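Structure assessment
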Amino acid sequence: PYDRPRIWIGGSSDRAMLRARAHNRPWFPSDVDLGGLVGRYASNPPAQAAPGAPAAARPVGIWVHIAETDEAALADATRLGQVDPARPNWPVSLIGSPETVVDKIEDYRRRLDPTHLLLRVELPGMTQPEVMRRIELLAERVVPRIA
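Residues numbered from 1 in each chain as written. Predicted model: local features only at pLDDT ≥ 70, side-chain atom pairs only at ≥ 80, totals over all residues. Heavy atoms only, no water.

Moving on, we get to the overall build of the chain. Counting its regular elements, the chain contains five helices and five strands. Element order for the chain, N to C, with α for helix and β for strand: β-α-β-α-β-α-β-α-β-α. Whereas a compact globule of 147 residues would reach a radius of gyration of roughly 15 Å, the chain reaches 16 Å, a difference of no more than 12%. The C-alpha extent of the chain, read off along each of the three principal axes, is 45 × 35 × 25 Å. Across the 147 residues in the chain, those meeting the buried criterion constitute 38%. In the chain, once contacts between residues fewer than 6 apart in sequence are set aside, the share between residues at least 24 apart is 61%. Roughly 8,500 Å² of accessible area belongs to the chain as shown, and the carbon and sulfur atoms make up 55% of that amount. Averaging the positions of the 19 positive and the 18 negative side-chain charges in the chain gives two centres separated by 9 Å. (Helix = DSSP H or I, 4+ residues; strand = E, 2+ residues; numbered from the N terminus. Rg over C-alpha atoms; globule rule 2.2 N^0.38 Å. Buried < 20%, exposed > 50% of the residue type's maximum accessible area, 1.4 Å probe, protein only. Contact = heavy atoms within 4.5 Å. Areas by Shrake-Rupley, 256 points an atom, 1.4 Å probe, with all protein chains shown as cover. Lys, Arg positive; Asp, Glu negative; His and termini not counted. Charge placed at Lys NZ, Arg CZ, Asp CG, Glu CD.)

What follows is the structure in structure tokens.
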């Protein structure tokens, strides 16, 4: 449906967001918590699309640490150096069981209304079976509930 690839400008800072706006491109944030994203979009919303044009893209990238239980997901995220055990819900990651991940995605949907979610599942140090299990949990137990 597009004659050229869609280009998003990434970055986690306010300057990155303003750079994207200056070039009339969607900002692709990563490593920004949900509250920070909501605040940034409220203070500097993208330009309104022309009548009849698709709405402006609002992509978001999120690390996902998913396992059968919340405890197993937190242990996995901790093992991979993605979370501080003293801070059990790292704000830029979705950590938990499939049910918890669905709830957190729905929170993003309610508060931010993203047009795209890039769910990142693979980190250095993971085995291929670990990566595949995360993908399977997302495909079988998360996507059917949010699609």
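Time to look at the packing of aromatic side chains. Throughout the structure, instances matching the rule amount to two aromatic pairs. With a centroid separation of 5.7 Å and an interplanar angle of 50 degrees, the aromatic rings of Trp-27 and Tyr-41 are classed as tilted. Taken together, the residues span a long stretch of sequence, with Trp-27 in strand β2 (residues 27-28) and Tyr-41 in helix α2 (residues 34-43) at a distance of 14 residues. Here Tyr-41 falls in the buried class, since its relative accessible area comes to 4%. It is Arg-58 that lies over the ring of Tyr-41; its NZ or CZ is 4.2 Å from the centre. The ring centre of Trp-63 lies 5.5 Å from the NZ or CZ of Arg-120, which sits over that ring. (Phe/Tyr/Trp six-rings, centres within 6.5 Å; stacked < 30°, edge-to-face > 60°. Lys NZ or Arg CZ within 6 Å of the ring centre and 35° of its normal.)

The next point concerns unusual backbone geometry. The phi dihedral of Asn-24 falls on the positive side, at around 55 degrees, and the residue is not glycine. Structurally, the position occupied by Asn-24 is in the loop between α1 (14-22) and β2.

Okay, α1 next. Those residues of α1 not exposed but buried are Ala-16, Met-17, Ala-20 and Arg-21. For α1, the buried positions fall inside an angular range of 140 degrees around the axis, keeping them on one side. Residues of α1 that are exposed and point more than 90 degrees away from the buried face comprise Arg-15 and Ala-22. Where α1 is buried, its residues meet β1 (9-10), β2 and α2. Of the residues one or two after α1, Asn-24 is the one with positive phi, at around 55 degrees. (Arc of directions from axis to C-beta.)

We now examine the packing of helix α4 (residues 98-112) against helix α5 (residues 128-146). In contact at an axis separation of 10 Å, α4 and α5 are set at 40 degrees when each is read in the N-to-C sense. Classified by the interaxial angle, the pair formed by α4 and α5 is oblique. For α4 against α5, the interelement crossing comes out right-handed. Counting all contacts with α4, which are made through Pro-98, Glu-99, Val-101, Val-102, Ile-105, Glu-106 and Arg-109, the residues of α5 involved are Leu-137, Leu-138, Arg-141, Val-142, Arg-145 and Ile-146. (Axes fitted to C-alpha atoms, helices over the stretch in contact; angles between N-to-C directions. Parallel < 35°, antiparallel > 145°, perpendicular 65-115°, else oblique. Left-handed = near helix turned anticlockwise from the far one by under 90°.)

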